[in-house]
Amino acid sequence: MIYNVLQYLEQSAEKYPDKTALKDEYGEVTYAGLVSDARKIGSYITGVIKGETNKPVAVLIDRNLLSVTAFFGVVYSGNFYVPIDMSMPAERIDTIMGTLSPVMVIDCRQGAGNDDGIRVESILEKKEVDDAALSAIRIAMIDEDPLYAIFTSGSTGVPKGVLVSHRSVIDLLCAFDEAFSFDEETVFCNQAPFDFDVSVKDIYNSIYCGGSIVIAPKKLFMSPKLLVDFLGANNVNTLIWAVSALRIISDFKAVESASMIPKLKNVMFSGEVMPVKSLNYWKEKFPGTRFVNLYGPTEITCNCTYYVIDRDFAPEDKIPVGKPFKNSRVLLLNENLKPVTERGKEGEICVSGRCLALGYWNNHEKTAESFPAYPGVSEYPVRIYRTGDLGYYDENMDIVFTSRRDHQIKHMGHRIELGEIETALNSILFLTVSVCIYDETHEKIVCYYQSENECKKEIVAELGKKLPKYMWPNVYIKKDKLPLNKNGKIDRVMLKKEWMENNG
Ligand code: AMP
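K.L.:
So what about the overall build of the protein? Which residues, and what values?
P.N.:
Looking only at helices and strands, the protein features 15 helices and 25 strands. For the protein, the proportion of its 504 residues judged to be buried stands at 56%. Here the protein has roughly 21800 Å² of accessible surface; of this, 51% comes from carbon and sulfur atoms. Across the protein, the centroid of the 58 positively charged side chains sits 2 Å from that of the 68 negatively charged ones.

K.L.:
Quick rundown of the environment of Ala254? Include the residues and the values.
P.N.:
Looking at where Ala254 falls in the secondary structure, it is placed in the loop between helix H10 (243-251) and strand E12 (266-270). For Ala254, a relative accessible area of 0% gives the class buried. In the structure, Ala254 is positioned 72 residues away from Phe182 in sequence and 27 Å away in space, judged by C-alpha atoms. Residues contacting Ala254, with those up to four places away along its chain left out, are Pro224, Lys225, Val228, Ile249, Met260 and Tyr281.

K.L.:
Residues and numbers for the packing of helix H2 (residues 31-48) against helix H3 (residues 65-76), please.
P.N.:
To characterise two packed helices, one gives the angle between the axes of the helices and the distance between these axes. Look at H2 against H3: their axes get within 7 Å of each other, and the N-to-C directions meet at 55 degrees. Between H2 and H3, the angle falls in the class oblique. In terms of crossing hand, the pair formed by H2 and H3 is right-handed. In contact with Leu34, Val35, Asp37, Ala38, Arg39, Ile41, Gly42 and Ile45 of H2, H3 contributes Thr69, Ala70, Phe72, Gly73, Val74 and Tyr76. In terms of residue class, the contact of H2 with H3 is made up of nine nonpolar, three polar and two charged.

K.L.:
If you had to explain unusual backbone geometry to someone new, which residues and values would you point to?
P.N.:
Positive phi is not limited to glycine here, since Asn327 has a value of about 70 degrees. Residues other than glycine seldom take positive phi values, yet Glu443 does so here, at roughly 55 degrees. Position of Glu443 relative to the elements: it lies in the loop between strand E23 (433-439) and strand E24 (444-450).

K.L.:
Please set out the site of the ligand residue by residue, giving values where relevant.
P.N.:
Residues in contact with the ligand amount to 17 residues; listed here are only the nearest, Asn293, Leu294, Thr298, Asp389 and Arg415. Within the side chain of Asn293, a nitrogen or oxygen atom sits 2.9 Å from a nitrogen atom of the ligand. Considering the ligand on its own, with 500 Å² of exposed area, one finds that the protein chains cover 96% of that surface. Looking at the shell around the ligand, the elements with two or more residues in it are strand E13 (290-295) and strand E20 (399-404). Sort the elements by how many residues they give to the shell around the ligand and E13 lands first, with three residues.

K.L.:
Quick rundown of the sheet that holds strand E19 (residues 385-393)? Include the residues and the values.
P.N.:
What the four strands build is an open sheet, ordered E16-E17-E19-E20; its pairing is antiparallel. Every other strand in the sheet has two partners, leaving strand E16 (328-333) and E20 as the edge strands with one partner each. Mean inter-strand twist for the sheet, computed between neighbouring axes without regard to direction, equals 45 degrees. Across four bridges, the pairing between strand E17 (residues 347-353) and E19 is antiparallel. Counted as the bridge partner of Val351 is Tyr385 from E19.

K.L.:
Which residues make up the pattern of salt bridges, and what values do they have?
P.N.:
Side-chain pairs of opposite charge can arise whenever the charged atoms involved come near each other. With the rule as written, the count across this model stands at 28 salt bridges. Glu422 is paired through a salt bridge with Arg492; the nearest N and O atoms lie 2.9 Å apart. Here Arg492 lies in helix H15 (residues 492-503) and Glu422 lies in helix H13 (residues 418-426), a separation of 70 residues in the sequence. With a relative accessible area of 8%, Glu422 lands in the buried category. A relative accessible area of 23% places Arg492 in the partly exposed class. Where Glu498 meets Lys479, a salt bridge forms, and the shortest distance between an N and an O atom there is 2.9 Å.

K.L.:
Any details on the side chain of Asp202? Residues and values, ideally.
P.N.:
Tracing the backbone through its elements, the reader meets Asp202 in helix H8 (residues 198-209). No salt bridge is formed by the buried Asp202, whose closest oppositely charged neighbour, Arg63, lies at an N-O distance of 7.1 Å. Those residues in contact with Asp202, other than ones at most four positions away along the chain, are Phe188, Cys189, Asn190, Gln191, Ile213 and Ile240.

K.L.:
Any chance you could break down the pairing of strand E8 (residues 160-165) for me, citing the residues and the numbers?
P.N.:
Within E8, six of the six residues are buried, which leaves the element mostly enclosed by the surrounding structure. In the sheet, strand E7 (residues 146-152) pairs with E8 via six bridges, with the strands oriented antiparallel. Bridge pairing links Ile150 to Val162 in E8.

K.L.:
Please set out the packing of aromatic side chains residue by residue, giving values where relevant.
P.N.:
A full pass over the atoms with the stated rule returns 18 aromatic pairs. Each ring, one from Phe72 and one from Tyr204, has its centre 5.9 Å from the other, and the planes form 80 degrees; the classification is edge-to-face. Separated by 132 residues along the polypeptide, Phe72 in helix H3 and Tyr204 in helix H8 bring together distant segments of the chain. Residue Phe72 is classed as buried on the basis of its relative accessible area of 1%. Between Phe180 and Phe182, the ring centres sit 6.1 Å apart and the planes meet at 40 degrees, which makes this aromatic pair tilted. Looking at Phe182, the relative accessible area reads 10%, which means it is buried. Feature note: the residues Phe176, Phe180, Phe182, Phe188, Tyr306 and Phe325 constitute an aromatic cluster, connected by ring pairs. Looking at Lys19, its charged tip hangs above the ring of Tyr16, at a distance of 5.2 Å from the centre.

K.L.:
I'd like a rundown of the packing of H10 against helix H11 (residues 276-285), residues and numbers included.
P.N.:
The N-to-C vectors of H10 and H11 enclose an angle of 65 degrees; their axes lie 9 Å apart at closest approach. Classified by the angle their axes make, H10 and H11 are roughly perpendicular. For the element pair H10 and H11, the recorded crossing hand is left-handed. Facing H10, whose interface residues are Leu246, Arg247, Ile249, Ser250 and Asp251, H11 presents Ser278, Tyr281 and Trp282.

The rules behind these values
Residues numbered from 1 in each chain as written. Predicted model: local features only at pLDDT ≥ 70, side-chain atom pairs only at ≥ 80, totals over all residues. Heavy atoms only, no water. Helix = DSSP H or I, 4+ residues; strand = E, 2+ residues; numbered from the N terminus. Buried < 20%, exposed > 50% of the residue type's maximum accessible area, 1.4 Å probe, protein only. Areas by Shrake-Rupley, 256 points an atom, 1.4 Å probe, with all protein chains shown as cover. Lys, Arg positive; Asp, Glu negative; His and termini not counted. Charge placed at Lys NZ, Arg CZ, Asp CG, Glu CD. Contact = heavy atoms within 4.5 Å. Axes fitted to C-alpha atoms, helices over the stretch in contact; angles between N-to-C directions. Parallel < 35°, antiparallel > 145°, perpendicular 65-115°, else oblique. Left-handed = near helix turned anticlockwise from the far one by under 90°. Nonpolar A, V, L, I, M, F, W, Y, C, P; charged D, E, K, R; others polar. Near = heavy atom within 4 Å. Polar contact = N/O pair within 3.5 Å; in protein donor to acceptor, adjacent residues only side chain to side chain. Pairing = 2+ DSSP bridges. Salt bridge = Lys/Arg side-chain N within 4 Å of Asp/Glu carboxyl O. Phe/Tyr/Trp six-rings, centres within 6.5 Å; stacked < 30°, edge-to-face > 60°. Lys NZ or Arg CZ within 6 Å of the ring centre and 35° of its normal.

Structural data, given as structure tokens:
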């Protein structure tokens, strides 16, 4: 019985001990080596925290195989890992660490010092494996135990830690297997940072099928042609990437012919709407490749629906997000949480099933709000996740994503709550009030602020201390007075209309 993701890793290690499991720009590790290293890390952790389980261990990540090795090490210890990107501003890291209270911090950054946690290399150098402790931990674990937490932007200014169990990932893997049947020949190229749940699909699909992961160095995403060469040279055949990353290649027309990535079999994308123009570029360059639109938020463990591209789309068409994966229930609900079943009628995309995250770490209030009981079933509890996404059924009963019902956006591939930016802005003392809108067409975050003096430079400097760069507004507009709607709130609709009229 599979109840722990490590069983997949161990099965693949048994079948393919000498096969490369992970490769990065610094080296590679075989399946046997990965298991051995992860067990050392697990033994070390459990020794230090005296056998405690289901506690958070922060992993300071890099784009390297050691980060993934540390993840598995944490799982061997019976705890859950939380990837942390230390390039974020210190204030945001402090907020996350404050919410998390990790029992240990493991630093996997290449060439980092010793200040921020225990270095992963130093664990690997010294530590022996405590087989008895690891077996006892495994026997005591159940599939509902947490596997990882990933922090996402929070509308009140505090990032939320989405806590996902082994069960949800096991479910995802079985569903992906049924839908796509990856085999041991699969070579995934990891694009998504490890603190973004798109990367969960690379890591776990690969150990499930006994494939290999090649971690693409970050700098390649600034040189599309080199990126394409890298994919070809590494025999990559499967990309599970964010739309924004695939667009780097299509926007720059970096592919001359399919022979540049001769083995490419699967291109799967998610995270935001794929522009038809970009998809058509990819399809034209790689006619023999399978393209799949994957949909879902971090809270339902990566993806709950998929659509295999089986027809041509005109630039004005919308590419459906498709139908649910096996064992996920995806409903469109109206404001009263009643199912919308008619074609073409919009509803909120709501999800139930084992794919649902356990909730937000240490935040019961937000968990209850986002994962309410489904009122359509009163006799026993059924949890749903309200995605906040709106969609409708097309003529084939495929779901088509239309928009959001709140102020969450996708910008340069990142999920951002405009509220988090506004909270940071409004904590700046010299600003009276500010609000952000998003211009999807030009991909710009526009900040309107009310202030007596021109102070853009000061705002930018202050925001730099609070928010990661991808959250910084692209445009600042000073107003003597921000318009209010009839409820006395800042009128975003009017501001957006005004912006679009002037910049449409
Ligand atoms: P994240 O939790 O970062 O994966 O972001 C989840 C959000 O990204 C969803 O709630 C949607 O708003 C958006 N999203 C994810 N996949 C798609 C897709 N295939 N098409 C359109 N929007 C998507």
